[in-house]
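Structural features, examined
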Amino acid sequence: VRSFGSLTGYTTYTADDTAWGYANGDYYVTKGISFIGGVGIQLAQNLLKKYKIPLCIINGAVGGGPIEVNLKNNFNPTDLTTIYGRLLYRLRKSGLDTCAKGLFWYHGAGNTITNYYQNFTSLYKSWKSDYKNVKKFYVMQIRPSICGAGTHLALRELQRTLQDSFPDITTLSVNNAPSHDGCHFNNSGYDTVGNWVTYLFAKDFYQSKDTLNIKPLNIEKAFYDTTQTTLKITFKEKNAGISWSQDVSVWGKKYNIKDAFYLNDTNGLVKSVSVKGDTLYLHLYKPHIFNRVTYIPDHYYEGTYSCYEGPWLINKRGIGAFAFYHFPVVVIPELKAGFHAGAIC
């Protein structure tokens, strides 16, 4: 597992930093030399162990910056004073810009929804232009954080749906990955995300047959029956084994999965949650029609300043479901006696 050059953060990259090295996942030990991050090193080790082939990962990530500082300088694409330019320079110097397979984007804590789609689209077009053989782009949906800037609800919803706008993008949730401190993961968290990424990368590039439940639960429909006491949610992934992680105690209060749902932005309206087959049921305290449902709060547990860390909806593999925001709810009347589905009168 190799890498090329150094990750230098916001500082100007030294043009003669063009050495190959053994990839590593500890920035503080190596001062950025051949550093590919915790997720990257876990992905690489998994692929090396399974497929016995040499690998190269080059990490251009810089923490804490909004999407605007990641954009390309169109007048000087390899501008070494820019994040984009430093990565492109390293890829070109290594000769890998024409054969890189996949690109991972884990970003958003420093942004809100404002102009994010426009900026991401610009960045995506730059990637497509400069890395012509990249076949798949993997976008991580951010989770609740104490190190963000403003509200992330709508931004997470955008990230969830980017794969609907770009055919070569796959989105991934990091919800339910362990050992999150409200801003970053420790090693076990990054290892877990690296394992989840491996499932997707192995399927896309190495014809892996291990493909069951490797994608997060992604909401498909939300609807009521005529009793107006139960909201039903179905997901695009079938036979995924819908369940949830254990209750969490915060500030002396126990939070259950029912507390993760907001109806028209109001919390505390769900009495209990159950599952039958591929359908999740939110049982309400009393009949009422709401037209929007949100899963998980913006940053904090309701009534606290403690970062939300579960419970999470999960599938059979323990991968956390995508967060969703203001998903539309519809009322579907039950069929009346004497009528049959599909009949035309």
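None of the values given here were measured: they were computed from a predicted structure.

Right, let's get into the packing of aromatic side chains. Any two aromatic rings considered together are summarised by their centre-to-centre distance and by the angle between their planes. All told, the structure shown has 24 aromatic pairs when counted by the stated rule. With a centroid separation of 4.7 Å and 20 degrees between ring planes, the pair formed by Tyr 51 and Tyr 206 is classed as stacked. Linking Tyr 51 in helix H2 (residues 37–51) with Tyr 206 in helix H6 (residues 187–206), this pair joins segments that are 155 residues apart in sequence. Through a chain of ring-to-ring contacts, three or more aromatic side chains come together here, namely Trp 105, Tyr 117, Phe 120, Tyr 124, Trp 127, Phe 137 and Phe 166. The ring of Tyr 22 has Arg 2 sitting right over it, with the charged end atom 4.2 Å from the ring centre.

Let us now look at the sheet that holds strand E4 (residues 136–141). In space, the 3 strands of this open sheet follow the order E3-E4-E5, with parallel pairing throughout. On the outer flanks of this sheet lie strand E3 (102–106) and strand E5 (169–173), each paired with one strand and no other. Across the sheet, the mean angle from the axis of one strand to that of its neighbour is 20 degrees, orientation sign disregarded. Note that E3 and E4 share 5 bridges and pair parallel. Bridge pairing in E4 links Leu 103 to Phe 137. Across the sheet, helix H4 (residues 116–130) lies against E3, E4 and E5, angled at about 160 degrees from E3, the strand it touches most. Across the sheet, helix H5 (residues 153–165) touches E4 and E5, and the angle it forms with E5 is around 135 degrees.

Calculation rules
- Sequence order sets the numbering: in each chain, residues are counted from 1 along the sequence as written.
- With the structure being a predicted model, the display of local features is reserved for residues of pLDDT at least 70 and the display and counting of side-chain atom pairs for 80 or more, all residues being used for whole-chain, interface and lining totals.
- Side-chain calculation: all heavy atoms of the structure are included, whereas hydrogens and water are not.
- Stacked, edge-to-face and tilted labels apply to pairs of Phe, Tyr and Trp rings (six-membered ring for Trp) whose centres lie within 6.5 Å, assigned for plane angles under 30 degrees, over 60, and everything in between, in that order.
- Helix and strand assignments come from DSSP, with helices taken as H or I runs of at least 4 residues and strands as E runs of at least 2, each series counted from the N terminus.
- Two conditions define a charge sitting above a ring: the NZ of Lys or the CZ of Arg must be within 6 Å of the ring centre, and it must be within 35 degrees of the ring normal.
- For two strands to pair, DSSP has to find at least two bridges joining them.
- Working convention: axes come from line fits to C-alpha atoms, limited for helices to the stretch in contact. Angles between N-to-C directions cover 0 to 180 degrees.
- Residues count as neighbours in contact if any of their non-hydrogen atoms are within 4.5 Å of one another.

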